[in-house]
Amino acid sequence: MKSLCACFFTSSVFNSHSHSHWNHNHSHSQSQIMAGSISGPSGGNAANILLNHDFSGGLDSWHVNCCDGYVVSAEEVSQLGISMETDGNCAVITSRKECWQGLEQDITSRISIGSTYIVSALVGISGLFQGSNDVQATLKLEYHDSATSYLFIGRTSVTRGNWKKLEGTFSLSTMPKRVVFYLEGPAPGVDILIRSIEIGCSNPNNNIARTGCVSTGEDNIIINPQFDDGLNNWSGRGCKIALHDSMGNGKILPKSGKFFASATERTQSWNGIQQDITGRVQRKLAYEVTTSVRIFGNNVTTADVRATLYVQTSDLRDQYIGIANVQATDKDWIDMQGKFLLNGSPSKVVIYLEGPLPGTDILVNSLVVKRAPKTPPSTPPDIKGVAFGVNVIENSNLADGTNGWYPLGNCTLSVRTGSPHIMPPMARDSLGPHELLSGRYILVTNRTQTWMGPAQTITDKLKLFVTYQISAWVRLGSGSSGPQNVNVALGVDNQWVNGGQTEVSDQRWHEIGGSFRIEKQPSKVMVYVQGPASGVDLMVAGLQIFPVDRHERFKYLKSQTDKIRKRDVTLKFSGLDASNYSKTSVQVRQIQNDFPVGTCISRMNIDNEDFVDFFVKHFNWAVFGNELKWYWTEPQQGNFNYKDADDLLNLCQKNKIETRGHCIFWEVDGTVQQWIKALNKTDLMAAVQNRLNGLLTRYKGKFNHYDVNNEMLHGSFYQDRLGKDIRANMFKTANQLDPAATLFVNDYHVEDGCDTRSCPEKYIEHILDLQEQGSPVGGIGIQGHIDSPVGPIVCSSLDKLGILGLPIWFTELDVSSTNEYVRADDLEVMLREAMAHPAVEGLMLWGFWELFMSRDNSHLVNAEGEINEAGKRFLALKQEWLSHSHGIVDQQGQYNFRGFHGTYKVDIVIDTKKVSKTFVLDKGDFPMVVSIDF
């Protein structure tokens, strides 16, 4: 275990220090750039800017900070338990009573902004202690307004009797009044030995805010990545580690190289092997991690192994960033790959492997961490020759019996008549004018498994990256009792893909609708209809699978948006002579559309000024990803953490961004803290009440919305333990504590037709049930984590939910595609459907920045700040939804235009006189008259 010297390891240790300098030691200003360590000789041929860097002049030009110091010769150094192979002097810093005490030098006059400086020091330690201690290089930056900040440069872990090289880089984008370089870090009582220090300027006038000096991208920042140097630079995270050339009586050999390591005697799932990479990674740069792992022991054959990054921030927060995970086995080595990015300037960064249950060893053969290569830009998908609206199903009308169809399993297919002649509504909305259906259907009998039904192979009829809509009529025959799920499914190379589901509980024909898209060339694609219990006959009519022309739909949505989101305006001028009407020009510019468009943000994000800049420019609402959830604000009973939420809320308030409160409770069992699960009914009821009182009293009036009990259609933890009334009581109490907040239900898969638990009908039933119990439900949240969206399917759900008269919000919207252009189309589908529907009153994206989203391939901005095609489409739509107009005053002394609801600025110019006015265009059924006195 590390000694107490490493004050930056835990917040509790950190906060126990009373000296103000240490507590603020890593409060880096955003104008400073932290860079990582480099390999190779320090500084190249650059001159050393430090005076007396080798202590040949004693401690001249150096200052000892609140402790003692002296210089010894090489011969005298050996008395301190460490040898110097060459002649020279060594500085000894002793009588240290605080971690931050050390050796410093004022370098203000010898540095300039925009230059990158490379630091290299040869350091050791001495004294009475066990284990290793960290020595750290830091800059103290004093500004003219009396503000002081501290910039971390680099750190190395040192053991007694050894010299270690400490390396790092720094660059300043603004020039402080005073810049002081110093070495610090070990525990009180541990002496710092310094053989030499060099600071060289590697690239004058080259700002490293983006490129940095960490690595060329080819260099692995992991030291001893294949254990050729034993276990040096590696350690166990709460467990022991061991080196092997083989295991299991020679059955386990390295995948590459000569050795591998194991994390053993693990007692917690987070135990594993780790390496401190502090100072070797740079903020705002993406890194790729590649490792080979397997498991051993405890009679476990498979287990989840995860690569995780532990980050301690400059203000002492502990962050854990998931990098990658894989199902490892005890049979062979498995490769795992992932990426990460640091937003802020951390005081400590550790990469480690974790995951399996206690008692299972984690084996690692190699670990590589390099700058992530740039992802090649996508090319637009090839849609030439795509027959939009044309059914790919053979013999869909069954005119040729069951030709083209085959039974999946040993069921029996036959053709009957008596099904609907009209196309299901969602398909009608996509297809436009079309032929009637034949009225024939497939009857499936002798079903002995739920997956049995009619099937077709459609491999050669599909095109990559094209979105296909699925539509059919389905009904149950004999043998049914109670509700049955019916599903149109696709087998894509033996992988199940959901093409739509519906619940059938009577003898009527039911519409089933869904969509899918294939983005990797398959060898076989089969579509089949399945779902009811064995013994239940199934009827299927008019199955359609056709490519969707989304852009044709966009034309319709634009006209609908114009009707719903715009209003006529008359600018009426007074004090203007009629003879000057034709000489008076009017320019109208919309400053902001008042339709709420927000995004999810997290505490980690706001340490990145590029993220913050994009956020405040393009969003007017925000929701916190985790920071308001109960498991975050009270991870252990009575141990509260509101600081993260407070920081996010302060940022939003500063930038006049409205906020949603997500969420007070979360009904799904897997999201509930263990300490809550351990409570009896009485104590659980008290804890629920305390949660309501604590959260809503603290933030009264701060959040416009609250998701009261998240995902009640998919979970029932609180209801199962506290009874049905608890849900209504949560709403009632929340309303009493913060009457101004709108209280929402919130759930997923409401809009896409692929989940019978949360279909619109079930959601409506759920909301009405809450209202009957007196719940003040004020809004309907549709999360919107959607795949291959199709407008009419989404719109159908909105139409159904709209009958309740409550505002609908897309609360967690994200779309995913490996192709940026397809992702852009998906996003445009959802944004346009929301803007064109009168029941929708706002939408929230579930993030926008790569590596900080819950789904891969869903980001709008790449990890290092480049806006991709999906992001460009988003910004183009935002621009489209701002109204601008210009012209001259008409003969009635008026100027008329039609614009989106929101804030406007009008400039009126006649000759050399100019009048400006700002006004807000609210919703309304009649033209708004704005009087302008000239």
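Scroll up a little and you will see the structure.
All values reported here derive from a predicted model rather than from experimental measurement. (Residues numbered from 1 in each chain as written. Predicted model: local features only at pLDDT ≥ 70, side-chain atom pairs only at ≥ 80, totals over all residues. Heavy atoms only, no water.)

Participant: Summarise the overall build of the protein; cite the residues concerned and give the values.
Facilitator: Across its full length, the protein holds 16 helices and 46 strands. Here the C-alpha radius of gyration of the protein, 33 Å, is about what a compact globule of 934 residues would show, namely 30 Å. Across its three principal axes, the protein shows a C-alpha extent of roughly 105 × 95 × 60 Å. Out of the 934 residues in the protein, the part that is buried amounts to 57%. Look at the contacts in the protein between residues 6 or more apart in sequence, and 78% of them connect residues 24 or more apart. (Helix = DSSP H or I, 4+ residues; strand = E, 2+ residues; numbered from the N terminus. Rg over C-alpha atoms; globule rule 2.2 N^0.38 Å. Buried < 20%, exposed > 50% of the residue type's maximum accessible area, 1.4 Å probe, protein only. Contact = heavy atoms within 4.5 Å.)

Participant: Explain the nonpolar core to me, and be specific about the residues and the numbers.
Facilitator: In this structure, L571, F615, Y706, Y718 and F919 are the most contacted members of the largest nonpolar core, which totals 115 residues. Among the elements that make up this core, the one with the highest residue count is helix 15 (residues 820–836) (eight residues). Among residues more than four places away in sequence, those in contact with Y706 are L628, G661, I664, L695, L696, Y699, D738, A741, T742, L743 and F744. (Core = buried A, V, L, I, M, F, W, Y, C linked by side-chain atoms within 4.5 Å.)

Participant: Explain the packing of aromatic side chains residue by residue, including any values.
Facilitator: As enumerated under the stated definition, the model contains 31 aromatic pairs in all. With centroids separated by 5.7 Å and ring planes inclined at 55 degrees, the aromatic side chains of F611 and W849 adopt a geometry described as tilted. Of the two residues, F611 sits in helix 6 (residues 609–618) while W849 sits in the loop between strand 41 (840–845) and helix 16 (869–880), which places them 238 residues apart along the sequence. W849 gets classed as buried once you look at its relative accessible area, which sits at 2%. Taking 6.2 Å as the distance between ring centres and 70 degrees as the angle between the ring planes, the aromatic pair formed by F848 and W849 counts as edge-to-face. As far as burial versus exposure is concerned, F848 and W849 are alike and both buried. Members of the aromatic cluster, connected to one another through ring pairs, are F611, F614, F615, F619, F848, W849 and F874. Sitting over the face of the ring of Y352, R237 holds its NZ or CZ atom 4.1 Å from the ring centroid. (Phe/Tyr/Trp six-rings, centres within 6.5 Å; stacked < 30°, edge-to-face > 60°. Lys NZ or Arg CZ within 6 Å of the ring centre and 35° of its normal.)

Participant: Could you give an account of helix 5 (residues 550–565), with specific residues and numbers?
Facilitator: Here helix 5 is 16 residues long and its end C-alpha atoms lie 21 Å apart, about the 22 Å a rise of 1.5 Å per residue gives. All buried positions along helix 5 are accounted for by R550, R553, F554, L557, Q560, T561 and R565. The secondary structure elements touched by the buried residues of helix 5 are helix 4 (425–431), strand 32 (566–574), helix 14 (791–802), helix 15, strand 41 and strand 43 (894–900). For helix 5, the N-terminal cap is D549; the gap from its side-chain oxygen to the backbone nitrogen of H551 is 3.3 Å. (Expected span 1.5 Å × (residues − 1). Polar contact = N/O pair within 3.5 Å; in protein donor to acceptor, adjacent residues only side chain to side chain.)

Participant: Would you mind going over the sheet that holds strand 17 (residues 302–312) in detail, with residue names and values included?
Facilitator: Read from one edge of the open sheet, five strands run 12-15-20-17-18, paired in antiparallel fashion. Two strands close off the open sheet at either side, each with one partner strand: strand 12 (235–237) and strand 18 (318–329). Averaged over neighbouring strand pairs, the angle between their axes works out to 25 degrees when direction is ignored. When strand 15 (residues 272–276) meets strand 20 (residues 348–354), the two strands line up antiparallel, connected through three bridges. Opposite Q275, over in strand 20, you have I351 as the bridge partner. (Pairing = 2+ DSSP bridges. Axes fitted to C-alpha atoms, helices over the stretch in contact; angles between N-to-C directions.)

Participant: An account of the sheet that holds strand 29 (residues 510–516) is requested, with residue identities and associated values reported.
Facilitator: Within the open sheet, the five strands sit side by side as 23-24-31-26-29. Their pairing is antiparallel. One side of each edge strand has no neighbouring strand; the edge strands of this open sheet are strand 23 (412–417) and strand 29. Neighbour to neighbour, the strand axes of the sheet diverge by 30 degrees on average, direction disregarded.

Participant: Break down the environment of G805 for me, with residues and values.
Facilitator: Structurally, the position occupied by G805 is in the loop between helix 14 and strand 40 (808–813). For the pair G805 and N233, spaced 572 residues apart in sequence, the C-alpha separation works out to 63 Å.

Participant: Can you break down unusual backbone geometry residue by residue, with the values?
Facilitator: The bulk of non-glycine residues show a negative phi, and the bulk of peptide bonds are trans. The step from H662 to C663 runs through a cis peptide bond, and the omega angle for that step is -10 degrees. Of note in the backbone geometry, N224 takes a positive phi value of approximately 55 degrees without being a glycine. With respect to the helices and strands, N224 occurs in the loop between strand 11 (191–203) and strand 12. Residue N224 is classed as buried on the basis of its relative accessible area of 10%. With a phi angle near 65 degrees, F227 is a residue other than glycine that sits in the positive phi range. Among the secondary structure elements, F227 is positioned in the loop between strand 11 and strand 12. The buried category is assigned to F227, whose relative accessible area is 0%.

Participant: Report on the packing of helix 5 against helix 15, specifying residues and quantitative values.
Facilitator: For the pair helix 5 and helix 15, the least separation of the axes is 8 Å and the interaxial angle reads 30 degrees. Looking at the two axes, helix 5 sits roughly parallel to helix 15. Crossing of helix 5 over helix 15 shows left-handed handedness. Of the residues in helix 15, those touching helix 5 at R550, H551, R553, F554, L557, K558, Q560, T561, I564 and R565 are V822, D825, D826, E828, V829, R832, E833, A834, M835 and A836. (Parallel < 35°, antiparallel > 145°, perpendicular 65-115°, else oblique. Left-handed = near helix turned anticlockwise from the far one by under 90°.)

Participant: Let's hear about the packing of helix 15 against helix 16: which residues, and what values?
Facilitator: Taken N-terminus to C-terminus, the directions of helix 15 and helix 16 make an angle of 30 degrees; their axes are 7 Å apart at the nearest point. What the angle tells us is that helix 15 and helix 16 run roughly parallel. For the pair helix 15 and helix 16, the sense of crossing is right-handed. Facing E820, Y821, R823, A824, D825, L827, E828, L831 and R832 of helix 15, the residues of helix 16 in contact are E869, A870, R873, F874, L877 and E880. For the contact of helix 15 with helix 16, the per-class residue count stands at seven nonpolar, no polar and eight charged. (Nonpolar A, V, L, I, M, F, W, Y, C, P; charged D, E, K, R; others polar.)

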